[in-house]
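These are the residues of each chain, in order.
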Amino acid sequence: MKKRKLLAWGMAAAMMLSFMAGCGGGNGNGSSSAKTQNNTQTAPPSAQENQAAVSGNKETITLRIGSGHSESNPWITALEDYFVKNVSERVSKETNYEINWVKSYGGAVVSLGNELQGVQDGLVDIGCTILVFEASRLPLQDMVYSMPFSCSDPLIVADVIKQIYSEYPEFTETYEKDYNQKFIGIGVSDPYGFYSTKEVKSLEDVNGMKIGAAGINLSWIEGSGAVGVQTSLNDTYQNLQTNVCQATIQPTRSCVNLKVYEVAPYYLDANFNVVPFNAITVNLDTWNDLPAEIQAILAEVGEGYLEYEANYINEIHEQDLETLKEQGCTIISLSREEQEKWAASLPDIVNGLVKSLDDAGYKGAEIVSRYYEILESHGVERVRDWNIGG
């Protein structure tokens, strides 16, 4: 009997000691428990054990990302291949978090032209805003659309954007000030091409044609004798097929992916423009809730997006021209003389731009002039002297 009592007391004591060790003898939080366990170990954990512990403790952050454009467009391809990929990898490697992406491209959550509002309202956490549809709300960010025939080299335009954005913080501040979002990145379009159902070699050839373009791009045909038709990339193929328009001015790669050459087998390289095309922004409420280390990674990767995307755009443009040739498309380059004639036929849209920027509270003449100056420092001559402010 005495032996049984001693055995029972011994078992109870062992159980009590085991229970106290499991509780960690402290407040019960994970760090205290881990610390206690580490102190009682006789040997340090292996690298594999450490990695497993870190992986097991990672917290998941869900971020909803979206745009009105689909992944077939190069700026969205770059968003996926560079931005999403690098944010995911860096967060996983450098922090104790993982990102769970909820993706809604192609207008699944925010429709084309409503990305800015969608981010502002929190329909997505991160948006890729297509700037051509935001001329009224983002006139400064859209200004190059009103500066046709300025430059069609994506690498040069990317450098110019980077410099002018650094010199004039108002390009980025307005997102936070007016639209409840944090600006983290900008991209460029690929060169705008002129796809048509008939051959076009000169300004005179477009007289009487119905030409489709998106938003402010329609200003590029004012004075040409053509009739502008408001359209978007999503409508381009059908509009050409059904004779709603006989030509369209759109980014080259997107039209190649849409097989626009099937219904418009003539491509004119007119040096219309490469423009700041898409902005990457984060809903400000989401941004403020994120850990500082995640904010830093988003900002750093967002800043690097421009260089990656511009190089990608530049690379694929040559591929696209080869694809058009292979598909039997006739490619024509508009001569410098014809570019000057086309530009001269336009109303004074650049000084109109200056006035609109002034009215919006910006230094219109200074900023527009500076953009041209930076282009000239890269060896780009003006097709037309707009006599800014004159």
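Residues numbered from 1 in each chain as written. Predicted model: local features only at pLDDT ≥ 70, side-chain atom pairs only at ≥ 80, totals over all residues. Heavy atoms only, no water.

Colleague: How should the pattern of salt bridges be read in this particular structure?
Modeller: For side chains bearing opposite charge, pairing can occur when the charged atoms are close. Throughout the structure, instances matching the rule amount to 18 salt bridges. One connected set of salt bridges, linked through shared partners, spans Arg90, Glu94 and Glu300. (Salt bridge = Lys/Arg side-chain N within 4 Å of Asp/Glu carboxyl O.)

Colleague: Please clarify how the confidence of the model for the protein chain should be interpreted in this entry.
Modeller: The predicted coordinates ought not to be read in detail in places where the model reports low pLDDT. A residue-level look at the protein chain finds 86% of positions with pLDDT of 70 or above and a mean pLDDT of 88. Within the model, pLDDT remains below 50 along residues 1–55, and this stretch shows 5 contacts once partners closer than five positions in the same chain are excluded. (pLDDT = per-residue confidence, 0-100. Contact = heavy atoms within 4.5 Å.)

Colleague: Would you mind going over the packing of aromatic side chains with me for this structure?
Modeller: The geometry of an aromatic ring pair is captured by two quantities: the separation of the ring centres and the angle between the planes. The final tally for this structure, using the stated rule, is 14 aromatic pairs. Ring centres 4.5 Å apart and planes at 20 degrees place the aromatic pair Tyr165 and Phe171 in the stacked group. You can call Tyr165 buried: its relative accessible area is 11%. Between Phe194 and Phe272, the aromatic rings sit 6.4 Å apart at their centres with planes inclined by 45 degrees, giving tilted as the arrangement. Taken together, the residues Phe194 in strand E5 (residues 192–196) and Phe272 in the loop between strand E9 (266–269) and strand E10 (276–283) connect sequence positions 78 residues apart. Here a set of aromatic residues connected by ring pairs shows up, and it is made of Phe149, Tyr192, Phe194, Trp220, Phe272 and Trp342. (Phe/Tyr/Trp six-rings, centres within 6.5 Å; stacked < 30°, edge-to-face > 60°. Buried < 20%, exposed > 50% of the residue type's maximum accessible area, 1.4 Å probe, protein only. Helix = DSSP H or I, 4+ residues; strand = E, 2+ residues; numbered from the N terminus.)

Colleague: Explanation requested: the pairing of E9 in the structure shown.
Modeller: Across a regular strand the side chains alternate sides, sitting on one face of the sheet and then on the other. Across 3 bridges, the pairing between E5 and E9 is antiparallel. Within E9, the position partnered with Phe194 by the bridge is Leu268. The pairing of E9 with strand E11 (residues 330–333) spans 4 bridges and is classified as parallel. Counted as the bridge partner of Leu268 is Ile332 from E11. (Pairing = 2+ DSSP bridges.)

Colleague: Can you help me understand the packing of helix H13 (residues 349–359) against helix H14 (residues 364–377) in this one?
Modeller: Angle between the axes and distance between the axes: these two values describe a pair of packed helices. Running from N to C, H13 and H14 point in directions that differ by 135 degrees, and their axes come no closer than 7 Å. Comparing the axis directions of H13 and H14 gives the class oblique. Residues Val350, Leu353, Val354, Leu357 and Asp358 of H13 form the contact with H14, whose participating residues are Gly364, Ala365, Val368 and Tyr372. Of the residues belonging to the contact of H13 with H14, the class tally is 7 nonpolar, 1 polar and 1 charged. (Axes fitted to C-alpha atoms, helices over the stretch in contact; angles between N-to-C directions. Parallel < 35°, antiparallel > 145°, perpendicular 65-115°, else oblique. Nonpolar A, V, L, I, M, F, W, Y, C, P; charged D, E, K, R; others polar.)

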